[in-house]
Amino acid sequence: CPVQNEWLVASFKDNKIWIVNNSTGNVSELIRPAVYRNDTCYAFFSSNPDTVFLLCEATLQIYFRKQNKWEKISFPAPLNKGTLTCMTIDNKGNYWVGTRRNGILVYNPVNKAIWTPDKNLFEPHIINALQFDGKNNCVWVGTHTAGLFNVDINSKTFTRMRRDDSSPNSFH
């Protein structure tokens, strides 16, 4: 996960996160607060250089670089039973979080509300990729075995994308 001129690297063996400066080659540890250190980080997300999201086992840790401040979002049961795998942020500021067990969690950081679409859309509930598309006001969802979906943010409707065999480079 590149942030400015730096890369974040996770070490699952010792559950540490390292910052590698691309210009100098210097490596330093990103020190998390003691209460966060037992949460293994599985993925990173950053939409701007000042904020880094660490996707962990059912928790989202947020590091605000300028303030050197941490925040932790814990999801309630039964949503706390899955590893967070990927993330994107839509134009309304909602956090779209993919999981290995619960499909998608959409979290509103202002009112702390959580919306969860029907996870049976994505059997076996594994989300591998999320990408906000501002031009079309949608979120693209890549799943483990259920294929590619397009989610209209306003109507919250899911469209499973299928290949058009008459035009191999297109989906409909």
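Residues numbered from 1 in each chain as written. Predicted model: local features only at pLDDT ≥ 70, side-chain atom pairs only at ≥ 80, totals over all residues. Heavy atoms only, no water.

Asks: It is not clear to me how the sheet that holds strand β14 (residues 138–143) should be interpreted in this structure. Could you clarify?
Replies: In a beta sheet, neighbouring strands pair by backbone hydrogen bonds and run either parallel or antiparallel. One open sheet accounts for four strands, arranged β13-β14-β15-β16; its pairing is antiparallel. Edge positions in the sheet fall to β13 (127–133) and β16 (157–160), since each of these pairs with one other strand and no more. Strand after strand, the sheet turns through a mean of 20 degrees between neighbouring axes, direction not considered. As paired strands, β13 and β14 are joined by six bridges and run antiparallel to one another. Along β14, the bridge assignment pairs Phe132 with Val139. (Pairing = 2+ DSSP bridges. Helix = DSSP H or I, 4+ residues; strand = E, 2+ residues; numbered from the N terminus. Axes fitted to C-alpha atoms, helices over the stretch in contact; angles between N-to-C directions.)

Asks: In this structure, what is going on with the environment of Asn136? I would like to understand it.
Replies: For Asn136, the location among the structural elements is in the loop between β13 and β14. For the pair formed by Asn136 and Leu121, sequence separation is 15 residues and the distance between their alpha carbons is 21 Å.

Asks: Just to check I follow, could you spell out the packing of aromatic side chains for this structure?
Replies: Given two aromatic rings, their pairing is described by the distance between the two centres and the angle made by the two planes. Tallied over the full model, the rule gives seven aromatic pairs. Pairing Phe45 with Phe53 gives two aromatic rings, centres 5.9 Å apart and planes at 50 degrees, and the pair type is tilted. Considered together, Phe45 and Phe53 belong to a single accessibility category, that of buried residues. Plain terms: the ring middles of Tyr95 and Tyr107 are 5.9 Å apart, the flat faces sit at 35 degrees to each other, and that makes the pair tilted. Taken together, the residues span a long stretch of sequence, with Tyr95 in strand β10 (residues 95–99) and Tyr107 in strand β11 (residues 104–107) at a distance of 12 residues. With respect to burial, Tyr95 and Tyr107 carry one shared label: buried. (Phe/Tyr/Trp six-rings, centres within 6.5 Å; stacked < 30°, edge-to-face > 60°. Buried < 20%, exposed > 50% of the residue type's maximum accessible area, 1.4 Å probe, protein only.)

Asks: Honestly, the environment of Thr85 in this entry has me stumped. Any pointers?
Replies: Among the secondary structure elements, Thr85 is positioned in strand β9 (residues 84–89). You can call Thr85 buried: its relative accessible area is 16%. When the C-alpha positions of Thr85 and Arg101 are compared, they lie 9.9 Å apart, and in sequence the two are 16 residues distant. A distance of 2.6 Å separates a polar atom in the side chain of Thr85 from the backbone oxygen of Ile127. (Polar contact = N/O pair within 3.5 Å; in protein donor to acceptor, adjacent residues only side chain to side chain.)

Asks: Could you clarify how one ought to interpret the environment of Glu57 in this entry?
Replies: Within the element layout of this structure, Glu57 appears in the loop between β6 (51–56) and β7 (59–64). Judged by relative accessible area, Glu57 falls into the partly exposed class, the value being 35%. With 38 residues separating them along the chain, Glu57 and Tyr95 place their C-alpha atoms 16 Å apart. Apart from the residues lying within four places of it in its own chain, the contact partners of Glu57 are Thr40, Tyr42, Gly82 and Thr83. Among the polar contacts listed, one links the side chain of Glu57 to the side chain of Thr83, at a separation of 2.7 Å. (Contact = heavy atoms within 4.5 Å.)

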